[in-house]
Amino acid sequence: MLTDIALKSFGQSHVGAVRKINEDSLLEYPEQNIWVVADGMGGHEAGDVASQMLIDTINTYINEHAYHGITINVLKQAILTANEKIIAYSHSQLAGKTAGSTIVLLWIDGHTAHWLWAGDSRGYRFYHQDLKQVTRDHSHVNELVDQGVLSAEEAEKHPMGNVITRAIGVVEDIDVDHISHPIVEGEMLLLCSDGLTGELSDASIAEQLQQQNVINAGSSLMHAALGKGAKDNVTLILVSVSKQSQIESFKDDDLTVPLFS
C-alpha cells in the first residue's frame, strides 16, 4: 500500500513519417494529475480541429472546477460538451463532412487512477516487466474478437484494424467508458494514440519501458515507432509512480481493477 507518491510525466506528439499534418493532440495538466491523448479523424480542418477542440474543452473544464474539485462526472461532462461542439462545428463548417476524435484520459485522484476513453487510443500499465492494457478498443476487429470470429493474433493484422466504432464528435449519444484501479509504486502508466500501437507490439512497448527514467522511456517509445516507419501520427504520455517524502492519506474508493499479483 502506498503512503506517499510522486508523479512524473513525459508527453510527446509527432506527425510521423508519412502524414503531412498532425491530427493528434495532447494535454498535460500535472497540477490536477490529468493527462489526455486525442487522435483526430477527418483530415486537415477536421481531425486536427476536432482533437484540439476536445483538448481545449477539457482544459477549460479543469480550470473552471479546479477550486471546487475535479470529479469523474466533471471530466465526463467535459467530454460530452466537446462532443456537442465538434458536431456543431461539422454541421456549420464542413458541409456534411464529419470530424471526430478518439480520446483516452487519465486522472489520478489520491492513490486511484481513473481512465476515461472512447475509440482506440489506449491506456496501459507497466509494472515489474509486465504490460497490461487497461482500456478496451472500440473497434470493428475488437467486436469480431469478442464474437469469436477472430483471434487476438488475427486481429492485429486485420485490414479493418483501423475502423473504430466509437469516437467523440460523430453521434450525439456517445458513451464514454470508465475504469479505475489503485496505483502501485514503481509502475508506469501509458496513454497513446494508435499511431504508436500500430507500429509497436505490446512486447516491443514493454521492451522500451525497461528504462526507469520516464523521459528516457518515453523518448525510446517515440524513437522506436518512428524507426518502424510511423505511417500515422504518434502521440504518447508516460506517467511514472514513485515515493515522495511528504506523507498523504490513502484513498481507496471506486476500485474496479485489481492490483498486480
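Residues numbered from 1 in each chain as written. Predicted model: local features only at pLDDT ≥ 70, side-chain atom pairs only at ≥ 80, totals over all residues. Heavy atoms only, no water.

1. A few points about the sheet that holds strand β10 (residues 234–242)
Next up, step 1: Here 5 strands make up an open sheet; going across it, the order is β1-β10-β9-β6-β7 and the pairing antiparallel. The open sheet is flanked by β1 (6–14) and β7 (130–133), the only strands paired with a single partner. Each adjacent strand pair in this sheet contributes to an overall mean axis angle of 20°, direction not counted.
Next up, step 2: Across the face of the sheet, helix α7 (residues 214–227) comes into contact with β1, β9 (188–192) and β10 while running at roughly 155° to β10. (Pairing = 2+ DSSP bridges. Helix = DSSP H or I, 4+ residues; strand = E, 2+ residues; numbered from the N terminus. Axes fitted to C-alpha atoms, helices over the stretch in contact; angles between N-to-C directions. Contact = heavy atoms within 4.5 Å.)

2. Some thoughts on the sheet that holds strand β4 (residues 100–109)
Next up, step 1: Pairing within the open sheet is antiparallel, and its 5 strands lie in the order β2-β3-β4-β5-β8. In this open sheet, the two edge strands, each paired with only one partner strand, are β2 (24–29) and β8 (177–182). For this sheet, the mean angle separating the axes of adjacent strands, direction not counted, is 10°.
Next up, step 2: Sheet analysis places β2 next to strand β3 (residues 34–41), joined by 6 bridges and oriented antiparallel. Within β3, the position partnered with glutamate 28 by the bridge is tryptophan 35.

3. What about the pairing of β10?
Next up, step 1: Most of β10 is tucked away: 8 of the 9 residues are buried.
Next up, step 2: Pairing of β9 with β10 involves 5 bridges; the strand directions are antiparallel. By the bridge assignment for β10, methionine 188 is matched with serine 240. (Buried < 20%, exposed > 50% of the residue type's maximum accessible area, 1.4 Å probe, protein only.)

4. As for unusual backbone geometry
Next up, step 1: Unlike most non-glycine residues, asparagine 33 shows phi in positive territory, near 55°.
Next up, step 2: Checked against the element boundaries, asparagine 33 lands in the loop between β2 and β3.
Next up, step 3: Note on asparagine 33: relative accessible area 22%, which makes it partly exposed.
Next up, step 4: Even without being a glycine, glutamine 129 presents a positive backbone phi close to 70°.
Next up, step 5: Structurally, glutamine 129 is set in the loop between β6 (122–127) and β7.

5. Some words on a negative patch on the surface
Next up, step 1: On the surface, Glu84, Glu172, Asp173 and Asp175 cluster together into a patch of negative charge.
Next up, step 2: On the secondary structure map, aspartate 175 appears in the loop between α4 (152–156) and β8. (Patch = residues over 30% accessible without salt bridge, like charges linked within 9 Å, V, L, I, M, F, W, Y side chains within 5 Å. Areas by Shrake-Rupley, 256 points an atom, 1.4 Å probe, with all protein chains shown as cover. Salt bridge = Lys/Arg side-chain N within 4 Å of Asp/Glu carboxyl O. Lys, Arg positive; Asp, Glu negative; His and termini not counted. Charge placed at Lys NZ, Arg CZ, Asp CG, Glu CD.)

6. Digging into the nonpolar core
Next up, step 1: Judged by nonpolar contacts, the single largest core of 32 residues is most densely connected at Ile34, Ile58 and Ile168.
Next up, step 2: Put simply, the parts of the chain that give this core at least two residues each are β2, β3, α1 (47–65), α2 (72–93), β4 and β5 (112–118).
Next up, step 3: When residues in this core are grouped by element, the largest group, 8 residues, is from α2.
Next up, step 4: Once residues within four sequence positions are removed from consideration, isoleucine 34 is found in contact with Leu27, Glu28, Tyr29, Ile62, Ile70, Leu75, Leu105, Leu106 and Trp107.
Next up, step 5: In this structure, Tyr124, Leu209, Ala225 and Leu236 belong to the second largest nonpolar core, which totals 22 residues. (Core = buried A, V, L, I, M, F, W, Y, C linked by side-chain atoms within 4.5 Å.)

7. Some thoughts on the pattern of salt bridges
Next up, step 1: Tallied over the full model, the rule gives 7 salt bridges.
Next up, step 2: With a closest N to O distance of 3.8 Å, glutamate 23 and arginine 19 form a salt bridge.
Next up, step 3: Classification of glutamate 23 by relative accessible area gives buried; the value is 8%.
Next up, step 4: Overall, the relative accessible area of 38% leaves arginine 19 in the partly exposed class.
Next up, step 5: When the shortest N-O distance is used, the salt bridge between glutamate 199 and lysine 231 registers 3.0 Å. In this pair, glutamate 199 is assigned in the loop between α5 (194–197) and α6 (202–208) and lysine 231 in the loop between α7 and β10, connecting sequence segments 32 residues apart.
Next up, step 6: For glutamate 199, a relative accessible area of 13% translates into the label buried.

8. Brief notes about the environment of threonine 71
Next up, step 1: Topologically, threonine 71 is positioned in the loop between α1 and α2.
Next up, step 2: Put simply, threonine 71 and aspartate 109 are 38 residues apart on the chain and 8.8 Å apart in space, counted from C-alpha to C-alpha.
Next up, step 3: At 3.1 Å, the side chain of threonine 71 forms a polar contact with the backbone nitrogen of valine 74. (Polar contact = N/O pair within 3.5 Å; in protein donor to acceptor, adjacent residues only side chain to side chain.)

9. What about the confidence of the model for the chain?
Next up, step 1: Looking at the chain, the pLDDT average stands at 88 and 84% of residues meet or exceed 70.
Next up, step 2: The low-confidence segment residues 246–261 (pLDDT under 50) makes 38 contacts with residues lying over four places distant or belonging to another chain. (pLDDT = per-residue confidence, 0-100.)

10. Quick word on α1
Next up, step 1: The terminal C-alpha atoms of α1, which comprises 19 residues, lie 27 Å apart, in line with the 27 Å expected from a rise of 1.5 Å per residue.
Next up, step 2: Along α1, the positions that sit buried rather than exposed are Gly47, Asp48, Val49, Ala50, Ser51, Leu54, Ile55, Thr57, Ile58, Tyr61 and Ile62. (Expected span 1.5 Å × (residues − 1).)

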